[in-house]
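# Tertiary structure, described
What follows is the residue order along each chain.
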Amino acid sequence: MVGYAFMGAAHSQAWRTVNRVYDLPARARMALICGRDTGKVAEAADRLGWEAYTTDWRDLIARDDVDVVDVCTPGDSHAEIALAALAAGKHVLCEKPLANTVSEARAMAAAAATAQAAGVRSMCGFNYRRVPAVTMMRQLVADGRLGVIRHVRATYLQDWIVDPQFPLVWRLQKDKAGSGALGDIGAHIIDLTQYVTGQLITGVSAVTETFVKERPLPAGSSGLAATVDGDGHRPATGPVTVDDAAVFVARLDGGALATYEASRFATGRKNALRVEINGSLGSVVFDLERLNELEFYDATRPAAEQGFSRILVTEGEHPYMSAWWPPGHIIGYEHSFTHQMRDFIEAVATGVDPAPSFADALQVQLVLDAVGRSAELGSSWTDVEPALATVAA
């Protein structure tokens, strides 16, 4: 694994856990972790459960006993690491968004297709697909329980950079992150809604905003936390080069209308992802802060019995839940990553292509690009560039 901060810790938790929970055709051995700082990566290896550590990701790719490379770095290094790993015959799991640019994402998808012919697998880490309630939401749509999909409404709201004195971490720099709230959290709701509905976004009209345009340079950072070193003086500052918020309307290829909002300036909202799907026969709602539940409205029931019902997604027959606890005993955020590793290991071990593929992730990247171009052009309607990607089952 390359990287050991927020996503590195989440992925490590999943790699440590997955074979202790699920009976799989292969076992994950946590051989080597990579980070730039020798002291920090050594400590992370010990804390997170890795056998060894290195400060050069090329060491992972050179080792004969490494079959999988897990990329948990900022977006500016995804392409270089993933392309080298695929060329070396390593299976690759890469965090989202796939890359910082469409050209990088296209190159990665092309390399993945070439590697696929040689039996080398790749997957992009959109972990919210693996929340059992989300998987069940998709099944309700696929089974026709909502009828014709008419509206998609998605928001992902956080507030961790509301304070203008919060430091200029890498997520606020375009050369490292690619974009701001749009790519960081907007990518999640783009992928999630396309996955749930089975429909792709074809065009958008967007606005973006950067509310705080200068921030103090950080003395240190980890995950979503950082510190400022002012040393009793006014700290040096640098420009914020990404969006703080993005809002857009969209059309989907099945005819649905959609609205999306991604913001890291929604004061009081910590990790508020919410998706609502309205169809001709019913509606379904998912709220990440209540991730074990769905709200379901069945318009085919008698009028006197209609109303939103709460489905507690903890039964053994619900997706992924058979390996966990008795009904009613809820699971949490980290379990989505365990489910992700379960699906990835099973796919690699059985010779099946995992989803979402790099081609699927490229399609999300094309939507992000269209949103950015629309915002730059005064919210003009912007078509999403075509790709060979489809939303994988």
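A brief look at the structure comes next. Values in this document were obtained by computation on a predicted structure and should not be read as measured data.

### Quick look at the overall build of the chain
For the chain, the helix and strand inventory stands at 10 helices and 18 strands. For the chain, whose C-alpha radius of gyration is 21 Å, the value lies close to the compact-globule estimate of 21 Å for 393 residues. With respect to the three principal axes, the spread of C-alpha positions in the chain is 65 × 50 × 40 Å. Within the span of the chain, comprising 393 residues, buried residues form 53% of the whole. Sequence-distant contacts, at least 24 apart, represent 70% of the contacts inside the chain between residues at least 6 apart. For the chain, the exposed surface amounts to about 16800 Å²; the carbon and sulfur share of it is 52%.

### Section: the environment of N100
Here N100 is to be found in the loop between β4 (91-95) and α5 (102-116). Under the relative-accessibility criterion, N100 is labelled buried at 15%. Beyond its immediate chain neighbours, meaning those up to four positions away, N100 contacts G75, D76, K174, D175, K176, A177, G178 and Q365. A distance of 3.2 Å separates a polar atom in the side chain of N100 from the backbone oxygen of K176.

### Side note on helix α8 (residues 181-197)
End to end, α8 covers 23 Å across 17 residues, agreeing with the expected 24 Å (1.5 Å per residue, within 8%). A187 marks the point of greatest bend in α8, at about 35 degrees. The element α8 is largely enclosed, with a buried count of 17 among its 17 residues. Note on α8: the residue one or two positions beyond its end, G198, has a positive phi of about 75 degrees.

### Notes on the pattern of salt bridges
If you walk through the whole model with that rule in mind, you get 26 salt bridges. The shortest N-O distance in the salt bridge between D65 and R29 comes to 3.3 Å. A residue pair is termed long-range when its members are at least 10 positions apart, and D65 in the loop between α3 (58-62) and β3 (68-71) and R29 in the loop between α1 (6-21) and β1 (32-34) qualify at 36 residues. Take R29: its relative accessible area is 47%, and that puts it in the partly exposed class. Among the salt bridges present, the one from R121 reaches D353, with a minimum N-O distance of 2.5 Å. Taken together, the residues span a long stretch of sequence, with R121 in the loop between α5 and β5 (122-125) and D353 in the loop between α9 (333-350) and α10 (358-376) at a distance of 232 residues. The exposure class assigned to D353 is partly exposed, which follows from its relative accessible area of 38%.

### What to know about the packing of helix α4 (residues 78-87) against α5
With their axes 10 Å apart at the nearest point, α4 and α5 run at an angle of 15 degrees to one another. Looking at the two axes, α4 sits roughly parallel to α5. Judged by the twist between their axes, the crossing of α4 over α5 is left-handed. Residues H78, A79, A82, L83 and L86 of α4 pack against E104, A107, M108, A111, A112 and A115 of α5.

### A word on the sheet that holds strand β13 (residues 257-263)
Sheet architecture is open: 9 strands sit in the order β17-β16-β15-β14-β6-β13-β12-β7-β18, paired in mixed fashion. Of all strands in the sheet, those bounded by a partner on one side alone are β17 (309-312) and β18 (382-383). With 5 bridges connecting them, strand β14 (residues 272-279) and strand β15 (residues 282-287) associate as antiparallel partners. Paired with N278 across the two strands is S283, which belongs to β15. On top of the sheet, α8 reaches β6 (149-157), β7 (201-209), β12 (245-252), β13 and β14; it is set at about 150 degrees to β13, its chief contact.

### A word on the side chain of K90
Following the sequence through the fold, K90 ends up in the loop between α4 and β4. Polar contacts involving the side chain of K90 include one to the main-chain carbonyl oxygen of V66, which spans 2.7 Å. Those residues in contact with K90 that sit more than four places away from it in its chain are L60, I61, R63, D64, V66, D67, V69, A85 and V120.

Rules used in this analysis
- Residues numbered from 1 in each chain as written.
- Predicted model: local features only at pLDDT ≥ 70, side-chain atom pairs only at ≥ 80, totals over all residues.
- Heavy atoms only, no water.
- Helix = DSSP H or I, 4+ residues; strand = E, 2+ residues; numbered from the N terminus.
- Rg over C-alpha atoms; globule rule 2.2 N^0.38 Å.
- Buried < 20%, exposed > 50% of the residue type's maximum accessible area, 1.4 Å probe, protein only.
- Contact = heavy atoms within 4.5 Å.
- Areas by Shrake-Rupley, 256 points an atom, 1.4 Å probe, with all protein chains shown as cover.
- Polar contact = N/O pair within 3.5 Å; in protein donor to acceptor, adjacent residues only side chain to side chain.
- Expected span 1.5 Å × (residues − 1).
- Bend = angle between axes of the 7 residues up to and from the residue.
- Salt bridge = Lys/Arg side-chain N within 4 Å of Asp/Glu carboxyl O.
- Axes fitted to C-alpha atoms, helices over the stretch in contact; angles between N-to-C directions.
- Parallel < 35°, antiparallel > 145°, perpendicular 65-115°, else oblique.
- Left-handed = near helix turned anticlockwise from the far one by under 90°.
- Pairing = 2+ DSSP bridges.

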